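Here is how the chains run, residue by residue.
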Amino acid sequence: MARKESITKDVILSAAFAILEEEGISQVTARKLAARANCSTQPIFRIYRNMEELTQELFTRAVDFFQEYYGKFARQTVTPFVHLGSIYIRFAADYKRLFSFIFLSENRFGKSMYDIINGDAGWVGREMQMASGQGCKNAGELFTKMWIIIHGAACMSLTGDFDLSQEETARMLKDSYRAFKG
């Protein structure tokens, strides 16, 4: 009778995600992962051909986590890009290592930053439609300008250089939107 495999793909991926969240992607090594999953490295390489394959699947899980995080927040304003920006900046502050892995990695496994922030629900597209509906003549250009502010603020939160409250962040984004909209 064959022995039942107790170390599953989900166990390994969950352990890898925990290491990623706590210590960052550079610490997701086969040895550390085996210790976290309470196994040898053999089950890891039985399930994954190599660490790159695991990293790609881990990236997908991290992106899904971001999209679930984003989906938890109800819209608090009708000003385009404020909702998107506030959540993105909050995610960077709350999940520094996940943010860095998803949005600051050179390899996004074929996904652009736009693909990730737009999500399956088309969040950026909705924001641009709102802006157009409010009289913005070039919503794409407006988004680019807003995104530079949003992404910059999120990156600043990684180093502790962005410490505005949620209310102050929303006000800053609203002011930026009005200034860029013209």
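For the protein, the count of helices and strands is 10 helices and zero strands. Its helices and strands taken in sequence order, the protein reads α-α-α-α-α-α-α-α-α-α from the N to the C terminus. C-alpha extents for the protein along the principal axes are approximately 70 × 30 × 30 Å. For the protein, the share of sequence-separated contacts (at least 6 apart) that also reach a separation of at least 24 residues comes to 67%. One finds the centroid of the 23 positive side-chain charges in the protein at a distance of 2 Å from the centroid of its 21 negative side-chain charges.

So, about the packing of aromatic side chains. In this structure the tally under the stated criterion is 22 aromatic pairs. Between the aromatic rings of F59 and F109, the centroid separation amounts to 5.4 Å while the plane-to-plane angle is 55°, which identifies the pairing as tilted. Placement of F59 in helix 4 (residues 51–71) and of F109 in the loop between helix 6 (96–103) and helix 7 (113–118) is noted, with a sequence separation of 50 residues between them. Each member of the pair, F59 as well as F109, carries the same accessibility label: buried. Taken together, a centroid distance of 6.1 Å and an interplanar angle of 80° make the contact between Y114 and F143 edge-to-face. Note that Y114 is positioned in helix 7 and F143 in helix 9 (residues 139–158), a separation of 29 residues in sequence. Among the residues examined, Y114 registers a relative accessible area of 34% and is labelled partly exposed.

Moving on: the nonpolar core. In this structure, Y88 and F103 are the most contacted members of the largest nonpolar core, which totals 56 residues. With sequence-adjacent residues up to four places away left out, F103 is seen in contact with F66, Y88, F91, R108, M113, I116, I117 and H151.

The subject of this paragraph is the pattern of salt bridges. For the structure on display, the rule yields eight salt bridges. K145 is the salt-bridge partner of E141, the closest N and O atoms lying 3.3 Å from each other. Of this pair, E141 and K145 both sit in helix 9, separated by four residues, roughly a single helical turn. Residue class for E141 comes out partly exposed when judged on its relative accessible area of 42%. For K145, a relative accessible area of 33% corresponds to the partly exposed category.

This part covers the layout of surface pockets. What the largest pocket holds in volume is close to 300 Å³. In terms of lining, the largest pocket is formed by 13 residues, of which the most central are A74, Q76, S86, Q166 and A170. Considering each element in turn, the lining of the largest pocket owes the most residues, five residues, to helix 5 (residues 82–94). Of the residues belonging to the lining of the largest pocket, the class tally is five nonpolar, five polar and three charged.

The next thing to look at is helix 2 (residues 30–37). The set of residues buried in helix 2 consists of A30, L33, A34 and A37. The arc that holds the buried residues of helix 2, viewed along the axis, is 100°, so those residues lie on one side. Away from its buried face by more than 90 degrees, helix 2 exposes R31 and A35. Structurally, helix 2 contributes buried residues whose contacts are with helix 1 (9–23), helix 3 (42–47) and helix 4. Looking one or two places after helix 2, you find N38, whose phi comes out positive at around 60°.

Rules behind the numbers
- Residues numbered from 1 in each chain as written.
- Predicted model: local features only at pLDDT ≥ 70, side-chain atom pairs only at ≥ 80, totals over all residues.
- Heavy atoms only, no water.
- Helix = DSSP H or I, 4+ residues; strand = E, 2+ residues; numbered from the N terminus.
- Contact = heavy atoms within 4.5 Å.
- Lys, Arg positive; Asp, Glu negative; His and termini not counted.
- Charge placed at Lys NZ, Arg CZ, Asp CG, Glu CD.
- Phe/Tyr/Trp six-rings, centres within 6.5 Å; stacked < 30°, edge-to-face > 60°.
- Buried < 20%, exposed > 50% of the residue type's maximum accessible area, 1.4 Å probe, protein only.
- Core = buried A, V, L, I, M, F, W, Y, C linked by side-chain atoms within 4.5 Å.
- Salt bridge = Lys/Arg side-chain N within 4 Å of Asp/Glu carboxyl O.
- 1 Å grid on protein atoms, 1.4 Å probe; cavity = no way out; pocket = protein on both sides within 12 Å on 5 of 7 lines; lining within 4 Å.
- Points joined across faces, edges and corners; volume = space filled by probe spheres on them.
- Nonpolar A, V, L, I, M, F, W, Y, C, P; charged D, E, K, R; others polar.
- Arc of directions from axis to C-beta.

Fair warning: the whole summary comes from geometry, so function is off the table for now.
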